[in-house]
Amino acid sequence: SRMTSIKAILFDMDGVLASVGTSYREAIVQTAAHFGVKISQEDISVQKKIGNANNDWILSKKLIDSKLNPSEQSPTLEKVTEVFEEIYQGNDTTPGLCETESLIPSLGLLEEIYRRCNGAFAVVTGRPIKDCHKFLQTHKLDHLF
């Protein structure tokens, strides 16, 4: 069989397993707005296409800094990260944008691929490990990875 030569199947998390347009990208937009800066989805896409933009905290800061007036003080990366995480993770009174993420492929399809490759599955992601585990558990994928 053709599958016997495959050693493992690796999945990226964001945009392959997880639909993140309403979570990570929206968290960038809302983080910028917190600092009084208007960022569009197009601004984010342009930076992502240029490359070296996988860390959304750093990307948020970069986009904020690019739109600030020279007289305005740039927020620290620590502060940008804090605001981003509050928006993405949520808090006791407000659900986070992570709750809007959905599974792109069907669970059944992933289970069939898993069966055919004898469980040689892995996720390769720049996402923080706790966020990766949370998504896998929420979407009942943790037994596959």
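As a reminder, the structure under discussion sits directly above these lines.
Residues numbered from 1 in each chain as written. Predicted model: local features only at pLDDT ≥ 70, side-chain atom pairs only at ≥ 80, totals over all residues. Heavy atoms only, no water.

J.: Which parts of the structure should I look at to understand the overall build of the chain?
T.: Scanning the chain for helices and strands turns up six helices and four strands. Secondary structure of the chain in N-to-C order comes out as β-β-α-α-α-α-β-α-β-α. Considered along the principal axes of its C-alpha atoms, the chain spans approximately 65 × 35 × 20 Å. By residue count, 35% of the 145 residues in the chain fall in the buried class. (Helix = DSSP H or I, 4+ residues; strand = E, 2+ residues; numbered from the N terminus. Buried < 20%, exposed > 50% of the residue type's maximum accessible area, 1.4 Å probe, protein only.)

J.: Teacher, can you tell me more about unusual backbone geometry here?
T.: Generally, phi is negative for residues other than glycine and the peptide bonds are trans, each holding for most cases. Even without being a glycine, N52 presents a positive backbone phi close to 55°. When you line up the elements, N52 lands in the loop between helix 2 (41–50) and helix 3 (56–67). Among the residues examined, N52 registers a relative accessible area of 82% and is labelled exposed.

J.: What exactly am I supposed to notice about the packing of helix 1 (residues 24–34) against helix 2 here?
T.: Two elements in contact, helix 1 and helix 2, have axes separated by 10 Å at closest approach and are oriented at 115°. The chirality of how helix 1 crosses helix 2 is right-handed. Side by side, helix 1 and helix 2 meet where R25, E26, I28 and V29 of the first sit next to Q41, I44, S45 and K48 of the second. Grouping the constituent residues of the contact of helix 1 with helix 2 by class yields three nonpolar, two polar and three charged. (Axes fitted to C-alpha atoms, helices over the stretch in contact; angles between N-to-C directions. Left-handed = near helix turned anticlockwise from the far one by under 90°. Contact = heavy atoms within 4.5 Å. Nonpolar A, V, L, I, M, F, W, Y, C, P; charged D, E, K, R; others polar.)

J.: Whenever I open this one, the pattern of salt bridges confuses me. Can you help?
T.: Where charged atoms from two side chains of opposite charge approach closely, those side chains can pair. Tallying each qualifying case throughout the model produces 11 salt bridges. Residue K130 is joined to E85 by a salt bridge in which the shortest nitrogen-to-oxygen separation is 3.6 Å. Here K130 is found in helix 6 (residues 129–138), whereas its partner E85 is found in helix 4 (residues 77–89), with 45 residues between them in sequence. Overall, the relative accessible area of 17% leaves E85 in the buried class. (Salt bridge = Lys/Arg side-chain N within 4 Å of Asp/Glu carboxyl O.)

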